[in-house]
Amino acid sequence: MDNDFKVKTALLLSGGIESTILAYEYKPDIAITIDYGQASANSEIKASKYICNKLNINHIILDVNILKYFNKKIEEWIPYRNQYLLTLATMILAEYEISELLIGTISTDKIHPDGSIEFIESFNNLLQIEKPRIKVIAPLIMLTSDELLEKTNIPLSLLSIAHSCTESSFPCNKCKSCKKYYDFFYKYKKNLGYTNGK
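Calculation rules
- Once a new chain begins, its residue numbering starts again from 1 and follows that chain's sequence as written.
- Local features in this predicted model are restricted to residues of pLDDT 70 or higher, and side-chain atom pairs are both shown and tallied only at a pLDDT of 80 or more, whereas totals for entire chains, interfaces and linings draw on every residue.
- Hydrogens and water molecules were not included; the side-chain quantities draw on all heavy atoms of the structure.
- Between Lys or Arg on one side and Asp or Glu on the other, a salt bridge is scored when a side-chain nitrogen of the former is within 4 Å of a carboxyl oxygen of the latter.
- Runs of E in the DSSP output that reach at least two residues are strands. Runs of H or I that reach at least four are helices, and both are numbered from the N terminus.
- Between buried and exposed lies partly exposed: a residue is buried under 20% and exposed over 50% of the maximum accessible area for its type, with that area taken using a 1.4 Å probe on protein chains only.
- Any helix carries an expected span of 1.5 Å times its number of residues minus one.
- When checking whether two residues touch, look at their non-hydrogen atoms; a contact exists if any pair is within 4.5 Å.
- Each Phe, Tyr or Trp ring (for Trp, its six-membered ring) is paired with any other whose centre lies within 6.5 Å, and the angle between the two planes then decides the class: stacked below 30 degrees, edge-to-face above 60, tilted in between.
- Ring-over charges, as used throughout, are those where CZ of Arg or NZ of Lys falls within 6 Å of the ring centre and within 35 degrees of the ring normal.

Here we take up the pattern of salt bridges. As enumerated under the stated definition, the model contains 3 salt bridges in all. Note that lysine 180 is salt-bridged to glutamate 18, the shortest N-O span being 2.7 Å. Taken together, the residues span a long stretch of sequence, with lysine 180 in helix 7 (residues 176-191) and glutamate 18 in helix 1 (residues 17-26) at a distance of 162 residues. Residue classification places lysine 180 among the partly exposed residues on the basis of a relative accessible area of 31%. Between aspartate 183 and lysine 187 there is a salt bridge; the shortest N-O distance is 3.3 Å. In this pair, aspartate 183 and lysine 187 both sit in helix 7, 4 residues apart, roughly one turn of the helix. A residue is classified by how much of its surface remains accessible, and lysine 187, at 32% relative accessible area, is partly exposed. By sharing partners, the salt bridges in this structure join Asp146, Asp183 and Lys187 into a single network.

What follows deals with helix 7. Residues spaced three or four apart along an α-helix face the same direction, because each turn holds 3.6 residues. For helix 7, with 16 residues, the first-to-last C-alpha span of 22 Å sits near the 22 Å given by 1.5 Å per residue. For helix 7, the secondary structure elements touched by its buried residues are helix 1, helix 5 (145-151) and helix 6 (156-159).

We now examine the packing of aromatic side chains. The full count for this structure, using the stated rule, is 6 aromatic pairs. When the ring of tyrosine 182 is compared with that of tyrosine 186, the centres are 6.4 Å apart and the planes differ by 20°; the resulting orientation is stacked. Note that tyrosine 182 and tyrosine 186 are positioned in helix 7 at a spacing of 4 residues, about one turn of the helix. Residue classification places tyrosine 186 among the partly exposed residues on the basis of a relative accessible area of 49%. Site record: aromatic cluster; members linked through ring pairs are Tyr181, Tyr182, Phe185 and Tyr186. Seen from the ring of tyrosine 24, lysine 27 lies directly overhead, with NZ or CZ sitting 4.2 Å from the centre.

Everything listed is a geometric property; what it means functionally is a separate question.
The structure is reproduced here in structure tokens:
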């Protein structure tokens, strides 16, 4: 066996909690961030750039504003979004001899069809028809947010860069994603021994 062989990995990096933790824990060869027209795109890209620079990860940014074609107000969950993003990512990554694409799906994402194990398995079955063959892997899919914060060792300084707001490029402090981020951040901070705002 060739001892120099290494599975090349990529990460779909939104700059949110889960994908930031994956960037730190797995140190992928490439991270890809997609601006599909979401309100928070600028901050997601800014956070992702910082994370990749700190961790020395090659970074690709795609600008594909699909949401400009939508007539109705964009909700937090958009049907077929993950399928679209994964298809774009694998199309681009095929050029880089990537074998695995990491995504930050966690167990509670299964409330949406494209956050389920069944979705990932089905998407992978489709990918096996294509060449080169890339496999989508969700390392956190069996974990809740609380279980994740017990397992990760990400530095607080890096976690603080993450941007989770889905409403804008500046945290609105009202949406579900903002509330989830602050809950996770302060619980993790407490786990590290920081108290009383210190």
